[in-house]
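Architecture at a glance
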Amino acid sequence: MKYYLLKTEPQTFSWQTLKEMPAQTTIWEGVRNYQARNFLRAMKKGDLCLFYHSNVTPNIIPGIVKVVREAYPDPFAFDSRSKYYDGKSDPQNPRWFAVDVQLAEEFVTPVTREQLKEIPELAGMELLKTGSRLSVQPVSEREFSIIRKLGAKAGG
DNA sequence: GCCAACGTTGGC
DNA sequence: GCCAACGTTGGC
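Heads up: these notes are all about the structure in this document. This is a predicted model, so every value here is computed, not measured.

What counts as what
Think of each chain on its own: its residues are numbered from 1, step by step along the sequence as written. In the order they appear in the text, chains get letters beginning with A and ligands get numbers beginning with 1. Per-residue local features are limited, in this predicted model, to residues with pLDDT of at least 70; the limit for side-chain atom pairs, both in listing and counting, is 80 or more; totals at the level of whole chains, interfaces and linings are taken over all residues. Only hydrogens and water are set aside; all other atoms, that is, all heavy atoms of the structure, feed into the side-chain values. Whether a residue is buried, partly exposed or exposed follows from its accessible area with a 1.4 Å probe, protein chains only, as a fraction of its type maximum: under 20%, in between, or over 50%, in that order. Strands are runs of DSSP state E lasting at least 2 residues, helices are runs of H or I lasting at least 4, and numbering of each runs from the N terminus. The arc in question is the one spanned by the directions pointing from the helix axis to the C-beta atoms. Any two residues whose heavy atoms approach within 4.5 Å are treated as being in contact. Identification of polar contacts relies on pairs of N or O atoms within 3.5 Å, with a donor-acceptor requirement for protein atoms, meaning one able to donate a hydrogen and the other able to accept it, and with residues adjacent in sequence counted only if both atoms are side-chain atoms. Throughout, the term near means that a residue has one or more heavy atoms lying within 4 Å of the molecule or strand in question. Side-chain classes are defined by residue name, with Ala, Val, Leu, Ile, Met, Phe, Trp, Tyr, Cys and Pro counting as nonpolar, Asp, Glu, Lys and Arg as charged, and the others, Gly among them, as polar. To estimate the expected span of a helix, subtract one from its residue number and multiply by 1.5 Å. Note on ring pairs: Phe, Tyr and Trp rings are taken, using the six-membered ring of Trp, and paired if centres are within 6.5 Å. Classes follow the plane angle, with under 30 degrees stacked, over 60 edge-to-face and the rest tilted. Computed over the protein atoms alone on a 1 Å grid, cavities are sets of points where a 1.4 Å probe fits but cannot get out and pockets are open sets with protein on both sides within 12 Å along at least five of seven lines; a residue lines them when it has an atom within 4 Å of a point. Grid points are joined across faces, edges and corners, and a volume is the space filled by probe spheres set on the points.

**So, helix α2 (residues 34-42)**
Listing the buried residues of α2 in full gives Ala-36, Arg-37 and Leu-40. Viewed end-on, α2 has its buried residues packed into an arc of 100°, placing them on one side of the element. Of the surrounding secondary structure, the elements contacted by the buried residues of α2 are β4 (60-73), β5 (97-112) and β6 (136-139). Of the residues flanking the start of α2, the one acting as N-cap is Asn-33, its side-chain oxygen 3.0 Å from the backbone nitrogen of Gln-35.

Here is the structure:
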């Protein structure tokens, strides 16, 4: 099993919205960066992802989602009305992919970026690197387990 | 293939 | 709102 982190701006797609989705499941679409795309394609059913809210104060991880459908062509890339439309993506040879994820675990206490920065073992995390913009990124088992424990702890 | 210009991301 | 970091575009 592998671990990842998925970034989303709450104004685009929030944890709350996910909770209200049927079966608390959503397509993870709109990834338009090749490196992020490659991580999406590497995901296997059952892999777990930290759900990260970027571009908001505070930045938090409210919980964990799991991959319930492995990578398939991102339908939004072919929809000319979508902001994620990419005319250069050929349906016969799709350029962009999506996965489906389902809410797996809601943290008792959302984990904040501030908290993460205080933990020496997390200093190497991609998320915390200056200028990191990768919206889909791998997380080590160790990092994942530390963050999961933080979230499970009542009172932060 | 280089690289300047430009647009976007995202923490602060 | 600022701006550094980064990815992409396109002229040459």
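**Quick word on the protein's contact with DNA strand C**
As a structural note, the neighbourhood of DNA strand C is formed by Tyr-34, Lys-88, Thr-130, Gly-131 and Arg-133. Counting only the atoms of DNA strand C within 4 Å of the protein, the fraction contributed by sugar and phosphate is 59%. In the surface near DNA strand C, the residues fall into one nonpolar, two polar and two charged.

**Digging into helix α4 (residues 141-152)**
Under the 1.5 Å per step criterion, the end-to-end length of α4 is 16 Å for 12 residues, consistent within 8% with the ideal 16 Å. Taken together, the buried positions of α4 are Glu-143, Phe-144, Ile-146, Ile-147, Leu-150 and Gly-151. The buried residues of α4 occupy an angular sector of 165° when projected down its axis, which confines them to one face. Summarising the geometry of α4, the exposed residues directed more than 90 degrees from the buried face are Glu-141 and Lys-149. Against the buried residues of α4 lie β1 (3-8), β3 (48-53), β4, β5, α3 (113-117) and β6.

**Details of the packing of aromatic side chains**
Considering all chains together, one arrives at five aromatic pairs under this definition. Measuring from ring centre to ring centre gives 6.1 Å for Phe-13 and Trp-28, while their planes differ by 85°; the resulting arrangement is edge-to-face. Pair noted here: Phe-13 is in the loop between β1 and α1 (15-20) and Trp-28 is in strand β2 (residues 25-28), with a separation of 15 residues, a long-range link. Relative accessible area serves as the criterion here: at 6%, Trp-28 is assigned to the buried category. With centroids separated by 4.7 Å and ring planes inclined at 35°, the aromatic side chains of Tyr-34 and Trp-96 adopt a geometry described as tilted. With a gap of 62 residues between them, Tyr-34 in helix α2 and Trp-96 in the loop between β4 and β5 connect regions that are remote in the sequence.

**Quick look at the protein's contact with DNA strand B**
Neighbouring DNA strand B are Lys-7, Tyr-52, Ser-54, Asn-55, Asn-59, Arg-113, Lys-117, Ser-132 and Arg-133. Each atom of DNA strand B within 4 Å of the protein belongs either to a base or to sugar and phosphate, the latter forming 76%. Separating a phosphate oxygen of DNA strand B from a side-chain N or O atom of Arg-113 is a distance of 3.4 Å. Residue composition of the surface near DNA strand B, grouped by class: one nonpolar, four polar and four charged.

**Points about the layout of surface pockets**
In this approach, a probe sized like a water molecule rolls over the atoms, and the result shows the empty space that is left. By volume, the largest pocket amounts to about 600 Å³. Taken together, 19 residues line the largest pocket, and the ones lying closest to its centre are Lys-7, Thr-8, Thr-12, Gly-30 and Tyr-84. Considering every element that reaches the lining of the largest pocket, the biggest residue donor is β2, with three residues.

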